[in-house]
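Coordinate inspection notes
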Amino acid sequence: MTTQPFFRQQSELLAERPPPAATSGVIGWVRANLFSGWLSTILTLLGVYMLWLLIPGLLDWAFFDADFHGDDRFACTSSGACWAWFDQRINQFLYGFYPSEQTWRVNVALALLIPALAPILFDKMPGAKHLRWFSLTYPVVATFLLIGGVGLEEVPTHKFGGFMLNVTVGLAGIVLSLPIGIVLALGRRSRMPIVRVLSLAFIEIFRGVPLITLLFVAAILLPMFLPPSFSLDLVVRVIVVVTAFASAYMAEVIRGGLQAVPRGQYEAASALGLGYWKTMGLIVLPQALKISIPGIVNTFIGLFKDTTLVIVIGLFDVLNIGRTMIANPDWLGLAVETQVFISLFFFVVCFSMSRYSVVLEQRLDTSNS
Amino acid sequence: MSTDQNQVAADAKPMIDIVGLNKWFGAFHVLREINLSVAPQERIVICGPSGSGKSTLIRCINRLEEHQEGSIVVDGTALTHDLKNIDAIRREVGMVFQQFNLFPHLTVLENCTLGPIWVRKTPKDEAEKIAMELLERVKIPEQANKYPGQLSGGQQQRVAIARSLCMKPNIMLFDEPTSALDPEMIKEVLDVMVDLAQTGMTMIVVTHEMGFASQVADRVIFMDAGQIVEQNTPDEFFNNPQSDRTKLFLSQILSH
């Protein structure tokens, strides 16, 4: 045995053992994250105090001191929120001016969205392959249900309104902007000058102009240029403009993903003899889109919230319905209540998208699972 | 320099025939007047200092790099701008990269079946059967359903070799296949390559593994400054190098 201080012989390899109790489990987590030092302890206590101040007041306002029934705002006598408009107006918030005896069609379209989306969102689901055929036909089915014709009473799109209008425009925009964005992103990186310039021009024009301006163009300017026989429905024009706007953003998000795919991946695909479209479709895009998920969902969320901008061209989306209601003498001044209600709706939808993207990222993570 | 082997190579119809090849990166003359003829089943090792153009040369053979002057004929097909010829050559030529370049979003098995299914139009069942046989040959069939990110470097490189072999190529190009590996993993990859060489595959290997070169190569080519400085059988090349540049290179890489 040597006496050198650095040298120590170990007779056998050490066995594995669990981490010390203080760093794992609930107590370990609380200690490490909330009370790791005097500063974090003070901040934790301060945070708890703030919540203690805020939450009871919020609950009192929204529930315990609130009024839920009545014919107008004068029925609301307590100090909390006035939800009495709910009974009268909820249908308008949901469906706009859609004929009330036909609103079941909107509900059916919404219900069918679940089996249409599920096989796309969860590809390991049993039967996903067959249900995807339904997903493909869903846009046609939904359009038929909403607009009618052939056996169903026709509902002109200017009767669309409320959440239903936001969801229709938002969903159409989301479904269309992803593939268009992909094509634009590939076009911008194309070796063919014409394709590249056209893609670049589309992206820069639609990204460089405010959406409100584009909506005005769609609503007012386009009908002046296009021949009357070629008149597109206003809601369709809005969807086109919103899609174009979101596609431009989407293209740049996806281009970022494309640039993150290493050159070696293209070379390996080429060496195997794969052509451009197969290389893109099988090798590059699956990786690029995975990298781009946060940005893609970001764009989706932005697009969905931007659907409220249709207010500027006089469409009655949910925000406009709320605004109109609180201008009515019966419900004058209930801005906070309607805004809270509308915000809650948007938050639930957007937060769901965000949560799904987290799940998707985890599922697609192949680095070390 | 005209050994028996070179004579054989010249007599048989060459698998790869490169005549008067020149290539520039911008103004940099990276390949200068390369003439190289590779006989069927011949195994060639290319070595040389970094930046000498060895990788660029083999990347020209399957058109990952485009050359400006000279002609390359692979198994009777001339490499021109004609995309059909390029595709035909790429189907016949397998390539293994220094950085493996496996597709990280696909399992090992999917990596191996992608080419046969989408390029050769092999039915999926058959492609999977061939892939499993080749994974067996590179000794990692048990990893078939894992993703590349879960494998060690040596395992990944063996998968990359199997992936190329699944296309049933006539020629295999290796671009420094062991340079990115930890020392303990180099042997497992070299073993697979030696095994492959014994099956009669035409191989061009860019490597600094001189042990591999002397064991397997029919011919060792030394490149420097974009040109072929010297080529000979391994014995002659290592024991009796002709040019000063070769002697210096060998003394540098064999000194430790």
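Remember, it's a predicted structure, so these values are computed and weren't measured experimentally.

Re the overall build of chain A
When helices and strands are counted, chain A shows 13 helices and zero strands. Listed by position from the N terminus, the elements making up chain A come as α-α-α-α-α-α-α-α-α-α-α-α-α. Taken over C-alpha atoms, the radius of gyration comes to 28 Å for chain A, far larger than the 21 Å a tight globule of 369 residues would show. Over its C-alpha atoms, taken along the principal directions, chain A stretches across nearly 95 × 65 × 40 Å. Within the span of chain A, comprising 369 residues, buried residues form 38% of the whole. When contacts within chain A are restricted to residue pairs at least 6 apart in sequence, those whose partners lie at least 24 apart make up 66%. The positive charge centre, built from 24 side chains, and the negative charge centre, built from 22, are 16 Å apart in chain A.

Some details on the packing of aromatic side chains
All names here are of chain A. Considering all chains together, one arrives at 23 aromatic pairs over all chains under this definition. Relative to Phe93, the ring of Trp85 has its centre 5.0 Å away and its plane inclined at 35°; by these criteria the two rings are tilted. In this pair, the class of Trp85 matches that of Phe93, namely buried. Ring geometry for Phe122 versus Tyr356: centroids 5.7 Å apart, planes at 85°, classification edge-to-face.

A closer look at the state of the cysteines
One pass over the structure, following the stated rule, counts one disulfide over all chains. Between the sulfur of Cys76 of chain A and that of Cys82 of chain A lies a disulfide, 1.9 Å long from S to S. An S-S torsion of about 55° defines the bridge between Cys76 of chain A and Cys82 of chain A as right-handed. Residue Cys76 of chain A is classed as buried on the basis of its relative accessible area, which comes to 18%. On the basis of relative accessible area, Cys82 of chain A is assigned to the buried category, the value being 3%. The cysteine Cys60 of chain B is free of any disulfide, with Cys47 of chain B supplying the nearest cysteine sulfur at 19 Å.

Quick notes on the domain arrangement of chain A
The domain architecture assigned to chain A consists of domain 1 (21-64) and domain 2 (74-98 + 155-364). A C-alpha centroid distance of 37 Å is found between domain 1 of chain A and domain 2 of chain A.

Here we look at the packing of helix 6 (residues 162-188) of chain A against helix 7 (residues 193-207) of chain A
Residues and elements named next belong to chain A. For the pair helix 6 and helix 7, the least separation of the axes is 7 Å and the interaxial angle reads 130°. In terms of their interaxial angle, helix 6 and helix 7 are classed as oblique. Pair helix 6 / helix 7 crosses with left-handed handedness. Between helix 6 and helix 7, the residues in contact are Leu184, Gly187 and Arg188 and Val195, Arg196, Ser199, Leu200, Phe202, Ile203 and Glu204, respectively.

Remarks on unusual backbone geometry
Residue and element names in this part refer to chain B. Residue Asp75 is not a glycine yet carries a positive backbone phi of 50°. Looking at the secondary structure, you find Asp75 in the loop between strand 4 (69-74) and strand 5 (77-78). Positive phi, close to 65°, is recorded for Phe100, a residue that is not glycine. Note that Phe100 resides in the loop between strand 6 (93-96) and helix 4 (108-118).

Procedures and definitions
Residues numbered from 1 in each chain as written. Chains lettered and ligands numbered in written order. Predicted model: local features only at pLDDT ≥ 70, side-chain atom pairs only at ≥ 80, totals over all residues. Heavy atoms only, no water. Helix = DSSP H or I, 4+ residues; strand = E, 2+ residues; numbered from the N terminus. Rg over C-alpha atoms; globule rule 2.2 N^0.38 Å. Buried < 20%, exposed > 50% of the residue type's maximum accessible area, 1.4 Å probe, protein only. Contact = heavy atoms within 4.5 Å. Lys, Arg positive; Asp, Glu negative; His and termini not counted. Charge placed at Lys NZ, Arg CZ, Asp CG, Glu CD. Phe/Tyr/Trp six-rings, centres within 6.5 Å; stacked < 30°, edge-to-face > 60°. Disulfide = S-S within 2.5 Å. Domains from an automatic or database assignment. Axes fitted to C-alpha atoms, helices over the stretch in contact; angles between N-to-C directions. Parallel < 35°, antiparallel > 145°, perpendicular 65-115°, else oblique. Left-handed = near helix turned anticlockwise from the far one by under 90°.

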